[in-house]
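Each chain, written out:
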Amino acid sequence: MDRLLLMPGLLFLTADVLAIVSLVMPYWIVTKVGGDTSLGLIQTCFTLSGRDKTCFSAILASEWLITLVLIMLGIVSITATIVLLFVAQSRPTLVIYARWLGFLAMVMFCLAAVLFPLGFSISEIGGEPYQLPNGYDVGIAYIAFILALWVTVVSELFAGKFCPPRI
């Protein structure tokens, strides 16, 4: 692979893996109030009185459903970006499309990061938009997603610097 395409490709791959991992983990919001509870975009888990952990599919508020869709579309965009960067080895004109898809993924991740805290007012949490109540914290999955967002931004900067459009 061309060295100029290798760095953005690896960074986009890192962002893709982080976003996928954050999506499948149920640790977006965690609390120990009334037992260990972890809320995710795909599943919710809780442990009561030292019993076994119980997980079930999450019933999402509209804010979190939109967040889930935006993250999934961002993952698809990043995956397509990686494929286009790989194919750009033989067809250099595809680099511009890879850069635009990477930019689209970055925008979707940013929108998801802004929309997710609006859902803090759901009945399971009982907070206000953008404000978690005492005893509730953001979990490792949300932190991984924010890291995926930042890596996507850095990837896009590298793609803009090292992958100039070739005509």
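Please read all numbers here as calculations on a predicted model, not as lab measurements.

### Comments concerning the overall build of the chain
Part 1 of the reasoning: A count of helices and strands for the chain gives 4 helices and 5 strands.
Part 2 of the reasoning: Its C-alpha atoms give the chain principal-axis dimensions of about 60 × 30 × 20 Å.
Part 3 of the reasoning: Burial statistics for the chain: of 167 residues in total, 41% are counted as buried.
Part 4 of the reasoning: Here the contacts in the chain between residues at least 6 apart in sequence split such that 64% fall between residues at least 24 apart.
Part 5 of the reasoning: Only carbon and sulfur atoms are counted for the fraction: they give 70% of the accessible area of the chain, which is about 9000 Å².

### A closer look at the environment of leucine 73
Part 1 of the reasoning: Tracing the backbone through its elements, the reader meets leucine 73 in helix α2 (residues 62-87).
Part 2 of the reasoning: Along the primary structure leucine 73 and threonine 47 are separated by 26 residues, whereas in three dimensions their C-alpha atoms are 32 Å apart.

### Considerations on the pattern of salt bridges
Part 1 of the reasoning: Per the counting criterion, the structure on display carries 1 salt bridge.
Part 2 of the reasoning: Put simply, lysine 32 and aspartate 36 hold a salt bridge, and the shortest N to O gap is 3.2 Å.
Part 3 of the reasoning: A relative accessible area of 66% means that lysine 32 is categorised as exposed.

### Topic: the packing of aromatic side chains
Part 1 of the reasoning: Enumeration over the complete set of coordinates arrives at 9 aromatic pairs.
Part 2 of the reasoning: Measuring from centroid to centroid gives 5.6 Å for tryptophan 28 and phenylalanine 145, while their planes differ by 35°, and the two rings are tilted. Of the two residues, tryptophan 28 is situated in the loop between α1 (3-24) and β1 (29-31) and phenylalanine 145 in helix α4 (residues 140-162); the sequence distance between them amounts to 117 residues.
Part 3 of the reasoning: For phenylalanine 145, a relative accessible area of 0% corresponds to the buried category.
Part 4 of the reasoning: Here tryptophan 64 and phenylalanine 116 contribute two aromatic rings whose centre-to-centre distance is 4.8 Å and whose plane-to-plane angle is 15°, an arrangement assigned as stacked.

### Some thoughts on the packing of α2 against helix α3 (residues 95-115)
Part 1 of the reasoning: At a minimum axis separation of 8 Å, α2 and α3 run at an interaxial angle of 160°. What the angle tells us is that α2 and α3 run roughly antiparallel. α3 is crossed by α2, and the crossing has left-handed handedness.
Part 2 of the reasoning: When grouped by side-chain class, the residues that make up the contact of α2 with α3 number 19 nonpolar, 5 polar and 1 charged.

### So, the nonpolar core
Part 1 of the reasoning: Core analysis: the largest hydrophobic core is formed by 40 residues, its most contacted members being Trp64 and Ile71.
Part 2 of the reasoning: Elements with a minimum of two residues in this core: α1, α2, α3 and α4.
Part 3 of the reasoning: Tallying contributions element by element places α2 first for this core, with 8 residues.
Part 4 of the reasoning: When near neighbours in sequence (up to four residues on either side) are disregarded, isoleucine 71 contacts Leu23, Trp28, Leu41, Phe109, Ala112 and Phe145.

### Structural notes on the sheet that holds β1
Part 1 of the reasoning: With antiparallel pairing, 5 strands are arranged side by side in an open sheet as β4-β3-β2-β1-β5. With one partner strand each, in any of the chains shown, β4 (54-57) and β5 (136-138) form the two edges of the open sheet. Neighbouring strand axes in the sheet, compared pairwise and without regard to direction, differ in orientation by 15° on average.
Part 2 of the reasoning: Two strands pair when backbone bridges link them, and strand β2 (residues 36-39) and strand β3 (residues 43-47) are joined in this way by 4 bridges, in the antiparallel orientation. Directly across from aspartate 36, in β3, lies its bridge partner threonine 47.

### Regarding α3
Part 1 of the reasoning: Helix length check: α3, at 21 residues, gives a terminal C-alpha distance of 30 Å against a target of 30 Å (1.5 Å per residue), a fit within 8%.
Part 2 of the reasoning: Every buried residue of α3 is accounted for by Val95, Ala98, Gly102, Ala105, Met106, Met108, Phe109, Ala112 and Ala113. For α3, the arc enclosing every buried residue in end-on projection is 165°, short of the 170-degree limit, so these residues lie on one face. Away from the buried face of α3 by more than 90 degrees, exposed residues Tyr97 and Trp100 are located.

Thresholds applied
- Residues numbered from 1 in each chain as written.
- Predicted model: local features only at pLDDT ≥ 70, side-chain atom pairs only at ≥ 80, totals over all residues.
- Heavy atoms only, no water.
- Helix = DSSP H or I, 4+ residues; strand = E, 2+ residues; numbered from the N terminus.
- Buried < 20%, exposed > 50% of the residue type's maximum accessible area, 1.4 Å probe, protein only.
- Contact = heavy atoms within 4.5 Å.
- Areas by Shrake-Rupley, 256 points an atom, 1.4 Å probe, with all protein chains shown as cover.
- Salt bridge = Lys/Arg side-chain N within 4 Å of Asp/Glu carboxyl O.
- Phe/Tyr/Trp six-rings, centres within 6.5 Å; stacked < 30°, edge-to-face > 60°.
- Axes fitted to C-alpha atoms, helices over the stretch in contact; angles between N-to-C directions.
- Parallel < 35°, antiparallel > 145°, perpendicular 65-115°, else oblique.
- Left-handed = near helix turned anticlockwise from the far one by under 90°.
- Nonpolar A, V, L, I, M, F, W, Y, C, P; charged D, E, K, R; others polar.
- Core = buried A, V, L, I, M, F, W, Y, C linked by side-chain atoms within 4.5 Å.
- Pairing = 2+ DSSP bridges.
- Expected span 1.5 Å × (residues − 1).
- Arc of directions from axis to C-beta.

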